[in-house]
Amino acid sequence: MNPILKTLGLSDENPGGFDGQWVGGGRMQTVTSPIDGQPLATVANVTPQAFEAILAKSHAAFQTWRLVPAPKRGEVVKALGDELRKHKAALAELVTLEMGKTLREGLGEVQEMIDICDFAVGLSRQLYGLTMPSERKQHRLQEQWHPLGVVGVITAFNFPVAVWSWNTALALVCGDTVLWKPSSKTPLTAIACTKIAEKVLRGFGFDPAICSLAIGRGSDIGDLINTDPRVALVSYTGSVSGGRHVGSLVQQRFGRHILELGGNGAVIVSDKADLDIALRSIYFGAIGTSGQRCTSTRRVIVQESVLPAFRERLLELYRKTPIGDPRENQYLMGPLVDQEAVDTMLAAIATVKAQGGKVLHGGEKLAPPSVLAGGCYVTPCLVEVPGNLDIVKEETFAPVLYLMPYRTIEEAIALQNDVSQGLSSAIITNDQRESELFLSAAGSDCGLANVNTGTSGAEIGGAFGGEKETGGGRESGSDAWKAYMRRQTSAINFSGKVELAQGITLDI
Ligand code: UN1
């Protein structure tokens, strides 16, 4: 067994459910590393019966957790952040082993977890409600924010630990309990995080079922979460089709959901851009995490007069991309998560060629000895297209970057918006009129719109999420916490009489 697993409390065989006790009992799953295809450990998925017990305990834990004062809940999240600091290196290594992103990105992911804990600690003293002037004499109107219930957190493989933490740190200070169903591709990192949370909760004498875990397939365990009214909020990160399924099931029972679905990030490169900034931002956005971020840069919309120069310089970077074992610092790009991801990438490249795109670089699967046997390594692909071809409008979760020209800034913004997804976007320009137009109501229609920095790598302090088929949900900073609480508005009468609102009289 890899020693990192042991450092984080994992074994060769691991139960995949937690409700205060570790439970398994279901299908045994062998987890392999995308780095070299080697087995890491096995995980026992939870059975529907075990899931029922996990949900019941999470729901029971909520009844007491919601009564703990929010600043005290914040102390627990502070300790969670401290524990994550201690385990930052090990957890990042496990993320790299299980998911294949480079270690530097793994460390960045764990840093996001620490950052959101810090944010949530402050938030635990700032769950502010408003008071409003009443239209009636000697009345007062106020709102309070109360804990909501069990939050079902369904996460994707590409950010196997950070997405849990964005939801969990907020949910905990808001007085909710968390039931996590991670991607079946990354159960080990989920077990490691749950063990960290377990230790912290036990240290305070709180019920460890406050942070529970249920590993299993979306079609069984996921749907039990989606359909059960005891789960007050489902926070789902994944594909558009997955989100459509989750959203409709949760809506059927009038539950709440936060959907973080596909992106199709574009960067507009103006003729007034600093091309060095454009290149660095776009290159990282496209090849970072091997193009497997929902915020990855997938389209570059370049003013036609600078396109030839920009194309050459980007190609230079693409040609020398260091690809290999993501644990080694010299490589900027590791493997794709599995062969299915490679097949999807190759199919998209074949389609874009058929639709009139021209491949300028890459798009091949690499074989040993240049990379490790058993891993799915590819060269990043750069394709020149005349505009938003049909395939360009789809999100291909791989390092394929489409380059297209524009003439006017209005045309560039229209191209940027002419896709069904609405997560992340950016403009690189030194012209303030252009950047302000991009940020205006007539500009980018995305949840994230950046100026002179790329589409990925959002900071936790802002609300994270997007519009249209991205699902509309917001997680992380700003006032995203409000989705994790229920709002209660109260009218309080201290007049000693009854006065109806809207001037209605009651003659009795
Ligand atoms: C995702 O890909 O699901 O903005 C999340 C970023 C990261 C999060 C990405 N902070 O790229």
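Cut-offs applied
Residues numbered from 1 in each chain as written. Predicted model: local features only at pLDDT ≥ 70, side-chain atom pairs only at ≥ 80, totals over all residues. Heavy atoms only, no water. Salt bridge = Lys/Arg side-chain N within 4 Å of Asp/Glu carboxyl O. Helix = DSSP H or I, 4+ residues; strand = E, 2+ residues; numbered from the N terminus. Buried < 20%, exposed > 50% of the residue type's maximum accessible area, 1.4 Å probe, protein only. Pairing = 2+ DSSP bridges. Contact = heavy atoms within 4.5 Å. Axes fitted to C-alpha atoms, helices over the stretch in contact; angles between N-to-C directions. Domains from an automatic or database assignment. Buried area = accessible area lost by both parts, 1.4 Å probe. Polar contact = N/O pair within 3.5 Å; in protein donor to acceptor, adjacent residues only side chain to side chain. Nonpolar A, V, L, I, M, F, W, Y, C, P; charged D, E, K, R; others polar. Near = heavy atom within 4 Å. Areas by Shrake-Rupley, 256 points an atom, 1.4 Å probe, with all protein chains shown as cover. Expected span 1.5 Å × (residues − 1). Arc of directions from axis to C-beta.

Chemist: Explain the pattern of salt bridges residue by residue, including any values.
Modeler: Note that side chains of opposite charge can pair when their charged atoms are close. By the definition in use, this model includes 25 salt bridges. Close ionic contact of Arg293 with Glu105 constitutes a salt bridge, the shortest N to O distance being 2.8 Å. Within this pair, whereas Arg293 is found in the loop between α10 (275-287) and β14 (297-303), its partner Glu105 is found in helix α5 (residues 103-123), the two being separated by 188 residues in sequence. Taking relative accessible area as the criterion, Glu105 reaches 9% and is therefore assigned buried.

Chemist: Can you break down the sheet that holds strand β3 (residues 22-23) residue by residue, with the values?
Modeler: One open sheet holds the seven strands; their spatial order is β3-β2-β10-β9-β8-β11-β12, and the pairing between them is mixed. For this open sheet the edge positions go to β3 and β12 (256-260), each flanked by a neighbour on one side alone. As paired strands, strand β2 (residues 17-18) and β3 are joined by two bridges and run antiparallel to one another. Residue Gly17 lies in a different strand from β3, and its bridge partner there is Val23. Each of β8 (150-154), β9 (177-181), β10 (211-214) and β11 (231-237) touches helix α6 (residues 162-173); the most contacted strand, β9, lies at about 165 degrees to it. The strands that helix α7 (residues 187-204) touches are β2, β3, β9 and β10; relative to β10, the one it contacts most, it runs at about 155 degrees.

Chemist: An account of the domain arrangement of the protein chain is requested, with residue identities and associated values reported.
Modeler: Many descriptions give the size of an interface as the accessible area lost when the pieces come together. Here the domain parsing of the protein chain yields domain 1 (3-261 + 471-488) and domain 2 (265-459). Between domain 1 and domain 2, the C-alpha centre-to-centre distance is 30 Å. At the junction of the two partners, domain 1 supplies 20 residues and domain 2 supplies 27 residues. Here domain 1 meets domain 2 over a buried area of about 1900 Å², counting both sides, of which 55% is carbon and sulfur. When the area that domain 1 buries against domain 2 is broken down by residue, the three leading residues are Ile35, Arg104 and Glu105, summing to 27%. Between the two partners, domain 1 and domain 2, sit two salt bridges. Between Lys185 and Asp338 there is a salt bridge whose closest N-O contact spans 3.4 Å. The tally of links between domain 1 and domain 2 comes to eight residue pairs in polar contact (both at pLDDT 80 or more). Of all the secondary-structure elements, those providing two or more residues to the side of domain 1 that touches domain 2 are α4 (88-99) and α5. Examining the composition of the side of domain 1 that touches domain 2, we find that four residues originate from one element, α5, more than from any other. Classifying every residue of the side of domain 1 that touches domain 2 gives eight nonpolar, five polar and seven charged.

Chemist: Describe the site of the ligand, and please don't skip the residues or the numbers.
Modeler: All residues adjacent to the ligand are Glu112, Asn158, Phe159, Trp166, Arg293, Cys294, Thr295, Ser456, Gly457, Ala458 and Phe464. Separating a nitrogen atom of the ligand from a side-chain N or O atom of Glu112 is a distance of 2.8 Å. Note that an oxygen atom of the ligand is positioned 2.9 Å from one of the side-chain N or O atoms of Arg293. For the ligand, whose free accessible area comes to 320 Å², the fraction covered by protein is 99%. Residues of the shell around the ligand, tallied by class, amount to five nonpolar, four polar and two charged. Each of domain 1 (3-261 + 471-488) and domain 2 (265-459) gives at least three residues to the shell around the ligand.

Chemist: I'd love a proper account of helix α9 (residues 240-252), names of residues and values included.
Modeler: Between its first and last C-alpha, α9 extends 18 Å over 13 residues, near the 18 Å set by a 1.5 Å rise per residue. Along α9, the positions that sit buried rather than exposed are Val240, Gly242, Gly243, Val246, Gly247 and Val250. When α9 is viewed along its axis, its buried side chains cluster within an angular range of 145 degrees and face the same direction. Of the exposed residues in α9, the ones pointing more than 90 degrees away from its buried face are Ser241, Arg244 and Gln252. Immediately beyond the C-terminal end of α9, within one or two residues, lies Phe254, with a positive phi of roughly 55 degrees.

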